[in-house]
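Spelled out from the first residue to the last, the chains are:
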Amino acid sequence: MPQQPPVRSIPTSRSRPDASMSLLTNVMDHSLDEGYAEAAERKKAAGDGGLPRPLRAKLGLAAGLVLAALVVTVGAAQARVAAPAIAKEREELIDRIDRETEAADKLEESVDQLRDDVSARQRAALKSGGGSEQADLVGILSGATEVHGPGVKLVVDDAKEASTGAGGDARETSGFSDTGRVRDRDMQRVVNGLWQSGAEAIAINGQRLTALSAIRAAGDAILVDNKPLVPPYTVLAVGDGKRLSSRFQDSADGLYLAALQENFDIRTSISVEGDLRLPAAPSVIVRTAQPSTETPSTETEKGTS
């Protein structure tokens, strides 16, 4: 029996030719303009006003510049208002400094007058005891009285190109400095050399030296009795001028000073002067003792025998 071919069903309705391209058909049928229109409506409802983005950025920048200008203007106005008050405070501070400086100068003059009065009373008391010459000599040697007479003037100054060096350390091993600065030990040697050469009285930058004077250093500054000195250091020494000058320059300390000048450009000069005036040292009290004429009592003799 022969095989029958398969029977195909005939569809009742005819399908579209583009049924297999539904996505493309949807895109073509529904334009994107509707989405743009919907987005524009949302922005308008939100109050954007429909302004383009570049225009909004420019408006924001303009608002920021206006605000910055306003802040700068307000700050300048406040500074202009505060300037007279600052100037007034500065003038008041300057006036106060001037008044205090004047008062300090008057107090210093008063101290000098009182010191001279005390020295005069001490000399008068010592003279009344019959030892006027000895009292004068003690006053000169102790630095309690002002002196004048011939002597030498020695000026010691830093090198022209002086520097503090590494950390401002003072010279350590060789006794010299590669910085060109005068140190406290230099001035100690100068003063000791002048004493040994016959000086009767010495002063450095107007500061009278006594047997208790100390020359020390605080950083790069030189202190004499805790008072800072600034270069150049002028040393006045009362004594036999020519002899004092020659003996000092030939001494070990004079040669030390010459070596500083030759090797490290420290500037020095010495001259013989006909009349030098040295002030009295401050706060020096001279006390003298006299031998006792009393004989020890009998009980004291027995107790010590």
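Use the structure listed above.
Since the structure is predicted, the reported quantities are computational estimates derived from the model, not experimental observations.

A. Fine view of helix H5 (residues 184–196). The end-to-end C-alpha distance of H5, which contains 13 residues, comes to 18 Å, matching closely the 18 Å that a straight helix rising 1.5 Å per residue would cover. Among the residues of H5, those classed as buried are Asp 184, Asp 186, Met 187, Val 190, Val 191, Gly 193 and Leu 194. After H5 finishes, the residue Gly 198 shows a positive phi value of roughly 115°.

B. Local environment of the side chain of Ser 197. Locating Ser 197 in the fold gives a position in the loop between H5 and strand E2 (201–204). A residue is classified by how much of its surface remains accessible, and Ser 197, at 6% relative accessible area, is buried. Only 2.7 Å separates the side chain of Ser 197 from the backbone oxygen of Gly 193, close enough to count as a polar contact. Engagement of the side chain of Ser 197 in a polar contact is seen with the backbone nitrogen of Phe 248, the distance being 3.4 Å. When sequence neighbours within four positions are dropped, the list of residues in contact with Ser 197 reads Leu 244, Arg 247, Phe 248 and Ser 251.

C. Focus on the pairing of strand E5 (residues 221–224). Of the pairings in the sheet, the one linking strand E4 (residues 215–218) to E5 comprises four bridges and is antiparallel in character. Its bridge partner lying in E5, Ile 215 is registered against Val 224. Two successive antiparallel strands, E4 and E5, enclose a turn made up of two residues, where Gly 219 displays a positive phi of approximately 70°. Between E5 and the antiparallel strand that follows it, strand E6 (residues 227–229), lie two residues; Asp 225 among them carries a positive phi value of about 55°.

D. Just the nonpolar core, in detail. Counting 25 residues, the largest nonpolar core has Met 187, Leu 194, Ile 202 and Ile 204 as its most contacted members. Mapped onto this core, the elements with two or more residues apiece are strand E1 (147–157), H5, E2, E5, strand E7 (233–238), helix H6 (241–250) and helix H7 (252–264). Examining the composition of this core, we find that four residues originate from one element, H5, more than from any other. Sequence-distant contacts of Leu 194, defined by excluding residues within four places in its chain, comprise Val 152, Ala 199, Ile 202, Val 235, Ala 237, Leu 244 and Phe 248. Counting seven residues, the second-largest nonpolar core is a separate cluster that includes Val 147, Ala 203, Val 238 and Leu 278.

Conventions adopted
- Along every chain, residues carry numbers that run from 1 in the direction the sequence is written.
- Only residues with pLDDT of at least 70 get local features here, since the model is predicted, and only at 80 or more are side-chain atom pairs given and counted; chain-wide, interface and lining totals rely on the full set of residues.
- The side-chain figures draw on all heavy atoms in the structure; neither hydrogens nor water molecules are used.
- We count a stretch as a helix when DSSP gives it H or I for four or more residues in a row; a strand needs E for two or more, and each element gets its number in order from the N terminus.
- For a helix, the expected span equals 1.5 Å multiplied by the residue count minus one.
- The classification of residues rests on relative accessible area computed with a 1.4 Å probe and restricted to protein chains. Under 20% of the type maximum is buried, over 50% is exposed, and intermediate values are partly exposed.
- Polar contacts here mean pairs of N or O atoms no more than 3.5 Å apart (in protein, one a potential hydrogen donor and the other a potential acceptor; neighbouring residues in sequence count only if both atoms are side-chain atoms).
- By the convention used here, residues are in contact when the closest approach between their heavy atoms is within 4.5 Å.
- Strand pairing is assigned whenever DSSP detects at least two bridges linking the two strands.
- Remark: nonpolar core denotes a set of buried residues (Ala, Val, Leu, Ile, Met, Phe, Trp, Tyr, Cys) joined through side-chain atoms within 4.5 Å.

Keep in mind these values describe shape, not function.
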